[in-house]
Amino acid sequence: MLFGLKTELQKRLRSNGVLLRESLSNPELKQYSVIILDEAHERSLNTDILLGLMKRLIKHRASDLKVLITSATLDGLKVSNFFSGCPVLNIPGTIFPVEKFYSTDRPTNYIESSLRTAIDIHVKEAPGDVLIFMTGKDDIDKMVSKLEERIQNLEEGSCMDALVLPLHGSLPPEQQVRVFSPAPPNCRRFIVATNVAETSLTVDGVVFVVDCGYVKQRQYNPSTGMYSLDVVEISRVQADQRAGRAGRTRPGKCYRLYPSSIYQKEFLEATIPEIQRTSLAGSVLYLKSLNLPDIDILKFDFLDPPSRESLEDALRQLYLIDAIDESGQITDVGRLMAELPLDPSLSRTLIEANELGCLSQALTVAAVLSAEITLRQTRNKDMEGKRKRQELSDGSGWGDHVQLLQIFESWDQADYDPRWCSEHDLQVRGMKFSKDVRNQLSQIIQKIAKGPTDLQARRGRKSDPDYRKLRRALCVGYGNQLAERMIHHNGYHTVGYRTQLVQVHPSSVLEGDEYGKLPVYVVYHELINTTRPFMRNVCGVEQTWVKPILKKLEKLNINKLSGGSSALIDYEPLEEKQPGSPTKAAAAKQSDVDSKIQAARERYLARKGKK
DNA sequence: GAGCACTGC
């Protein structure tokens, strides 16, 4: 019945992102009498912000607004408490029972252990497909080839045929859809997958699930400004979600490669919501731009508040790129930025590019960067594609932003031919996504655009051969992500309120001068800590452009920034006076989240080290 | 000399 209802409503459904945009121009959302927050259990950044806004809105529109929150797993009581005891309706699910088996110990090598379990199922169990959860592409590839090998070695005729299929996000679509065609007769399918199979994709025919108990997760550390991609333990909710995948068509079995004591005591109840794992610059800017009279970012009522540290980090970043002034008030530039559905740094770059007369190029860079991660093919080990891509950048060496621009312009010259992408080892999907984003951005920015927004590849280059305008715009937009080279070598340190030693990522196309020295100043798109802290997507900038940023850094005062109208109030005592208030909760230490993640990571590394 | 899970306005 619910499904029917949803279909009926489909015409009126807006995505969370769109509702947030609508809030900008119409904060009371008067045109709606019912708002449905769907899939709230996924706890995306947008969902969490909307939950906070809805709570606020209900107070203002108590008589004429209904809010319905649907969730597959979200703890109803917690949400009910958040919304001052609103009613909870339970709709019983229809999935079949899934029997769970635990291993007695944590395996030292979960690939090997999954492999043995999978073979065991194949030999002993009744027909039915097997879904195996792994953490990433590398593990999946390894698992697929080993599994195929072991199955080959089984005695002929001892069991049914087998088909092993990988499934992960960077797989080309034509390979992804293979999992949707049912198994041939007398054949068992093994689907080796990442998280995609947990919620996003449903694979029919699965009766057995093998769960390694880990997941790859991206997190942001506000005290260093760095992201890391870690293998961490899953949560109980995730474990149950994975198990549930075995019971969609008939009763199933789930093999958990961890003891039940670990499930009970070590796993977190739920996955740490995105709002506590990501940089909040964009969200804070959004909330500031709503212009709600009584809004104070540090006291905003979140279901799970982000740390104080993370909010302050966002304020500092926004200040450095002119989105808020030194007392934390949103600026005119900030208002414009909030209208663009982009990272604040990219929005700022676009606005500056518009002033400098290189908007068209900046639009391309912003669009391509939004999809950059999925751009590169990882299929080919050889360097052919990389070499070909480098030819496209005709050796400008100014950095990765310029290269991405040139790649897109070349694709444009090739009339957006998908074959061109494959020839240059680029993912068609990512390139198409860039193209869509670019179109959307051009439309939004049309009303303030001072120059052409359509792609004008040749002309742009001719009028500015060194991309100075574009790089200057990037320098303003990424004023919060600036690094200075060491005197004697090509290492860098970040410039800002916290300093980190970092290096240019080896995949960068940034070039040195005749002595091999890289530019003295660069801006970067992100810091990612893998084997070492790396700057990814780097652009060389000039010293004179950097001066205004350094000046702002001198003036930066977090007490003023976070204060708004109550700039002089010291926060710590204020929180103590209001125990149990959201403010208190908002002060939840980032270190709590960090230490949870860190502990989970260490446990994983310790086990990995043992093998 | 590294190697990124998931989405998607």
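These numbers were taken from a predicted model, which means no experiment stands behind them.

A.B. asks: Can you walk me through helix H6 (residues 137-153) in this structure?
C.D. replies: The end-to-end C-alpha distance of H6 is 24 Å, a good match for the 24 Å that 17 residues give at a rise of 1.5 Å each. Packed against the buried residues of H6 are helix H5 (110-124), strand S4 (129-133), strand S5 (161-167) and strand S6 (187-193).

A.B. asks: What is the right way to read the side chain of Arg188 from this model?
C.D. replies: In this fold, Arg188 is placed in strand S6. From its side chain, Arg188 meets the backbone oxygen of Ile121 in a polar contact 3.5 Å long. A polar side-chain atom of Arg188 sits 2.8 Å from the main-chain carbonyl oxygen of Gly128.

A.B. asks: I would appreciate a short explanation of the confidence of the model for chain A in the present structure.
C.D. replies: Segments scoring low in pLDDT should not have their predicted coordinates read at a detailed level. In the predicted model, chain A carries a mean pLDDT of 83, and 85% of its residues have values of at least 70. Below pLDDT 50 for its whole length, residues 1-13 participates in 3 contacts with residues either more than four positions away or in separate chains. A low-confidence stretch, residues 564-590 stays under pLDDT 50, and its non-local contacts, those more than four residues away or across chains, total 39 contacts.

A.B. asks: How should the packing of aromatic side chains be read in this particular structure?
C.D. replies: To describe a pair of aromatic rings, you give the distance between the ring centres and the angle between the ring planes. All told, the structure shown has 12 aromatic pairs when counted by the stated rule. For the ring pair Tyr102 and Tyr263, a centre distance of 6.1 Å and an interplane angle of 55° mean the geometry is tilted. Taken together, the residues Tyr102 in strand S3 (residues 98-102) and Tyr263 in helix H9 (residues 260-266) connect sequence positions 161 residues apart. Given the relative accessible area of 10%, Tyr263 is considered buried. Relative to Trp411, the ring of Phe408 has its centre 5.9 Å away and its plane inclined at 75°; by these criteria the two rings are edge-to-face. One end of the pair, Phe408, and the other, Trp411, are both in helix H16 (residues 400-413), 3 residues apart, so they sit about a helical turn from each other. Of the two residues examined, Phe408 and Trp411, each falls in the buried class. A connected cluster of aromatic rings, assembled from ring pairs, spans Tyr102, Tyr258, Tyr263 and Phe267. Its guanidinium or amino end placed over the ring of Tyr227, Arg218 lies 3.9 Å from that ring's centre, counting from NZ or CZ.

A.B. asks: Which parts of the structure should I look at to understand the protein's contact with DNA strand B?
C.D. replies: If you check the shell around DNA strand B, you find 23 residues, and the closest are Gly169, Pro341, Pro506, Thr530 and Arg536. Protein-adjacent atoms of DNA strand B, using a 4 Å cutoff, are sugar or phosphate at a proportion of 51%. Interatomic distance of 3.2 Å between a side-chain N/O atom of Lys216 and a phosphate oxygen of DNA strand B. Breaking the surface near DNA strand B down by element, the ones donating at least two residues are strand S8 (214-221), helix H18 (428-445) and strand S15 (533-541). Taken together, the residues that form the surface near DNA strand B break down as 7 nonpolar, 10 polar and 6 charged.

A.B. asks: I would appreciate a short explanation of unusual backbone geometry in the present structure.
C.D. replies: Across residues other than glycine, the phi torsion is negative in most instances, and most of the peptide bonds are trans. In this structure, Asn186 is a non-glycine residue whose phi angle is positive, near 55°. Phi at Asp415 is positive, roughly 55°, even though this residue is not glycine. Secondary-structure assignment places Asp415 in the loop between H16 and helix H17 (418-423). The exposed category is assigned to Asp415, whose relative accessible area is 64%.

A.B. asks: Looking at this model, I keep getting lost on the pattern of salt bridges. Mind explaining?
C.D. replies: Opposite charge on two side chains permits pairing when their charged atoms draw close. In total, this model carries 29 salt bridges according to the counting rule given. Where Arg43 meets Asp304, a salt bridge forms, and the shortest distance between an N and an O atom there is 2.9 Å. Pair noted here: Arg43 is in the loop between strand S1 (34-37) and helix H3 (45-60) and Asp304 is in the loop between helix H10 (281-289) and helix H11 (308-320), with a separation of 261 residues, a long-range link. The residues Arg43 and Asp304 share a single accessibility class, namely buried.

A.B. asks: Would you mind showing me how to read the state of the cysteines here?
C.D. replies: Linking two cysteines covalently via their sulfur atoms produces the bond known as a disulfide. On inspection of all chains with the given rule, the structure shows 0 disulfides. Left unpaired, Cys539 is separated from the closest cysteine sulfur, that of Cys475, by 8.2 Å. With a relative accessible area of 0%, Cys539 lands in the buried category.

Thresholds applied
- Residues numbered from 1 in each chain as written.
- Chains lettered and ligands numbered in written order.
- Predicted model: local features only at pLDDT ≥ 70, side-chain atom pairs only at ≥ 80, totals over all residues.
- Heavy atoms only, no water.
- Helix = DSSP H or I, 4+ residues; strand = E, 2+ residues; numbered from the N terminus.
- Expected span 1.5 Å × (residues − 1).
- Contact = heavy atoms within 4.5 Å.
- Polar contact = N/O pair within 3.5 Å; in protein donor to acceptor, adjacent residues only side chain to side chain.
- pLDDT = per-residue confidence, 0-100.
- Phe/Tyr/Trp six-rings, centres within 6.5 Å; stacked < 30°, edge-to-face > 60°.
- Buried < 20%, exposed > 50% of the residue type's maximum accessible area, 1.4 Å probe, protein only.
- Lys NZ or Arg CZ within 6 Å of the ring centre and 35° of its normal.
- Near = heavy atom within 4 Å.
- Nonpolar A, V, L, I, M, F, W, Y, C, P; charged D, E, K, R; others polar.
- Salt bridge = Lys/Arg side-chain N within 4 Å of Asp/Glu carboxyl O.
- Disulfide = S-S within 2.5 Å.

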